[in-house]
Amino acid sequence: AAIIPYATLTDVFSALEWNGRASDGVIVPSGNTAIPIGSYSKTWVSSIAYSTFSGTQKAPKGSQDDLFSILTALMTGEPYGPDTVFQNNLSNWQNYHSVLYEPVPSVPVPIFAVQGTTDLFLSALQVQMLVNRLQSIDPNYPITAFYLNMGHSNEQSSTIVNQAATAAMNWLNEVMSSDTPSPQVMVNTTTCSDNVNSDIVVAPSLNNLIAQSVEISATSSGIVNSTALISDQNGACSNAQSPKTSTLPLGDLIIGSIDNTTNNPVNLAGGVVITATLAPTGLSETLVAQLWDQNSALGCGTNGGPYNELITASPYRIVGPNPGKVTFETFPDGWTLMPGHCAVVVLSQSSGQWHEDSMPTNIDESLRSVSCISTSLCVATGATGMGYVTTSPTASTPTWTQSIVDPGNIITSVSCVDVTDCYVVDNVGQVFYFNGTNWYGWKSGNFSTQDTGQGGWTSIDSSNDLTSISCPTSTFCM
């Protein structure tokens, strides 16, 4: 047996929304693709996934997932609270719709997987995450990943498609001749220069393929504006090897660049790892990291461009105040940087492809309510969904721990019974519960003994603001 997937959609949920926590694993470890909820791909969700899932079998009989509701919730936008359909259905998405979470076969089945390095809908990480998953169990698992310039809405010339088909057939002939192929990664680099053939680089793994990493240190800081990319946002060389020119709006933050000062082409492969200290003004933001190809004669890293071609990009979802220093990775690329060109790293707050945040751009930290259980613990709430806890209320300057309780809404009141029992209400009829460590919340009308562990709510008036709450015991609130 052997597998050549028709479509390498290995993690459905991360394809719909991308939070920037996954990586190819070469420099930084891969994280959770579902927490927090990421920025959804507007084209993929609204036109492709929505039309596809709405008319297909949504899940095996007896499962509770509702794909149609999740797609609708994604397009509704933030806030994605702790009680949304995502949390209710995520395990079924992974168990029934994503091969990435399937058990690794005890008897390896050879796989040949093709994915585009210029596909910003289904990135090369969809394959590389599967490679890493299989080889974390069996380092010699016979999977071949072939990355090249093809994918949704991008370059799919007959030459590229035929090249992928030929490589797949050669691999299949090897398997059918009873030889078990060794695991390997193949990258056919993309070039936008006429009369220059792209290279096919082969190695046992992506880590072996990348000969060295190049570090760019940015000494300056700046403001990343909410401006959309214009033109050519889907990737590389879409006009048959004829470069386009794009101008990036002024105000986006240039991190730095790699200048090819040699007389020979230089191949780039893998994702760009971004390390930055963030200070967002809102509770929910989308930061987009982009890698551009620019003619050095135009000034590498010149703010405003022009740039020849977008090499790769991907969003990083910021949720909560003061995230501090973060590290994330763009979608992997395979690119040939021509002599006299440079690769420019740019940060933007939106890209045109991914959903811009629906949340308020500023955090209102004005105090709305406070409840002290004792001289050693006080819980307070702020205007735009913020919760604060201090264990040193009697100090001259108490230290408050800040977290999101109810993104985007106004928490109006808090009442605490003891150190593990606090309740808050907001201006849209919701009640949230604090157990001394974490916040939990449910939409009005969905309370039960199982939800809070403290007794059910008999009725909540969700048609009006809830402006106050008082809980004299753990089983009674008014």
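Residues numbered from 1 in each chain as written. Predicted model: local features only at pLDDT ≥ 70, side-chain atom pairs only at ≥ 80, totals over all residues. Heavy atoms only, no water.

A. Just the overall build of the chain, in detail. In terms of helices and strands, the chain carries eight helices and 22 strands. Relative to its full complement of 478 residues, the chain shows a buried share of 49%. As presented, the chain carries roughly 21100 Å² of accessible surface, and 51% of it is formed by carbon and sulfur atoms. (Helix = DSSP H or I, 4+ residues; strand = E, 2+ residues; numbered from the N terminus. Buried < 20%, exposed > 50% of the residue type's maximum accessible area, 1.4 Å probe, protein only. Areas by Shrake-Rupley, 256 points an atom, 1.4 Å probe, with all protein chains shown as cover.)

B. Broad picture of the nonpolar core. Ranked by size, the top nonpolar core spans 32 residues in total, and within it Leu-134, Ile-143, Tyr-147 and Val-185 carry the most contacts. Counting only elements with at least two residues in this core, the list comes to strand E3 (111-116), helix H5 (125-137), strand E4 (143-148), strand E5 (184-188), helix H7 (206-209), strand E10 (284-295), strand E11 (309-319) and strand E14 (341-348). When near neighbours in sequence (up to four residues on either side) are disregarded, Leu-134 contacts Val-104, Ile-111, Tyr-141 and Ile-143. Ranked by size, the runner-up nonpolar core spans 18 residues in total, among them Leu-287, Ala-289, Ile-318 and Val-345. (Core = buried A, V, L, I, M, F, W, Y, C linked by side-chain atoms within 4.5 Å. Contact = heavy atoms within 4.5 Å.)

C. Molecular detail of the confidence of the model for the chain. The predicted model of the chain has a mean per-residue pLDDT of 74, with 70% of residues at 70 or higher. Confidence scores differ between elements of the chain, with helix H8 (residues 449-452) showing the lowest mean pLDDT of 37 and H5 the highest of 94. Residue range residues 226-251 is modelled with pLDDT below 50. Its contacts to residues more than four positions away, or to other chains, number 90 contacts. Confidence drops under a pLDDT of 50 for residues 442-459, and excluding neighbours within four residues, the segment shows 34 contacts in the predicted structure. (pLDDT = per-residue confidence, 0-100.)

D. Quick peek at the packing of aromatic side chains. Within this structure, the stated rule accounts for five aromatic pairs. Centre to centre, the rings of Trp-18 and Phe-331 are 5.1 Å apart; their planes meet at 70 degrees, and the pair counts as edge-to-face. With Trp-18 in strand E1 (residues 17-18) and Phe-331 in the loop between strand E12 (324-329) and strand E13 (333-337), this residue pair connects regions lying 313 residues apart in the sequence. Accessibility classification places Trp-18 together with Phe-331 in one group, the buried group. Ring pairs connect the aromatic residues Trp-18, Phe-331 and Trp-354, which therefore count as one cluster. The positively charged end of Arg-21 is found above the aromatic ring belonging to Tyr-316, 4.1 Å away from the centroid. (Phe/Tyr/Trp six-rings, centres within 6.5 Å; stacked < 30°, edge-to-face > 60°. Lys NZ or Arg CZ within 6 Å of the ring centre and 35° of its normal.)

E. Highlighting the sheet that holds E4. Taken in spatial order, the four strands make up an open sheet running E3-E4-E5-E6, and their pairing is mixed. Either end of the sheet is taken by a strand with one partner, and the two such strands are E3 and strand E6 (200-203). Neighbour to neighbour, the strand axes of the sheet diverge by 15 degrees on average, direction disregarded. Of the pairings in the sheet, the one linking E5 to E6 comprises four bridges and is antiparallel in character. Paired with Val-185 across the bridge in E6 is Ala-203. Seen against the sheet, H5 touches E3, E4 and E5 and runs at an angle of roughly 160 degrees to E4. (Pairing = 2+ DSSP bridges. Axes fitted to C-alpha atoms, helices over the stretch in contact; angles between N-to-C directions.)

F. The arrangement of the pairing of E4 in detail. Of all the six residues making up E4, six are buried; the element is thus mostly covered by neighbouring parts of the structure. Side chains Ile-143, Ala-145 and Tyr-147 project from E4 onto one buried face, and the interleaved Thr-144, Phe-146 and Leu-148 project onto a second face that is buried too. Strand direction decides the pairing type here: E3 and E4, joined by six bridges, are parallel. Looking at the pairing, Gln-115 lines up with Tyr-147 of E4. Bridge count between E4 and E5: four bridges; the pairing is parallel. Bridge assignment links Phe-146 to a residue of E5, and that residue is Met-186.

G. The arrangement of the state of the cysteines in detail. A complete count under the given rule lists two disulfides for this structure. In this model, Cys-416 is linked to Cys-422 through a disulfide, with the two sulfur atoms separated by 2.0 Å. A torsion of 110 degrees about the S-S bond marks the disulfide between Cys-416 and Cys-422 as right-handed. Each member of the pair Cys-416 and Cys-422 is classed as buried. (Disulfide = S-S within 2.5 Å.)

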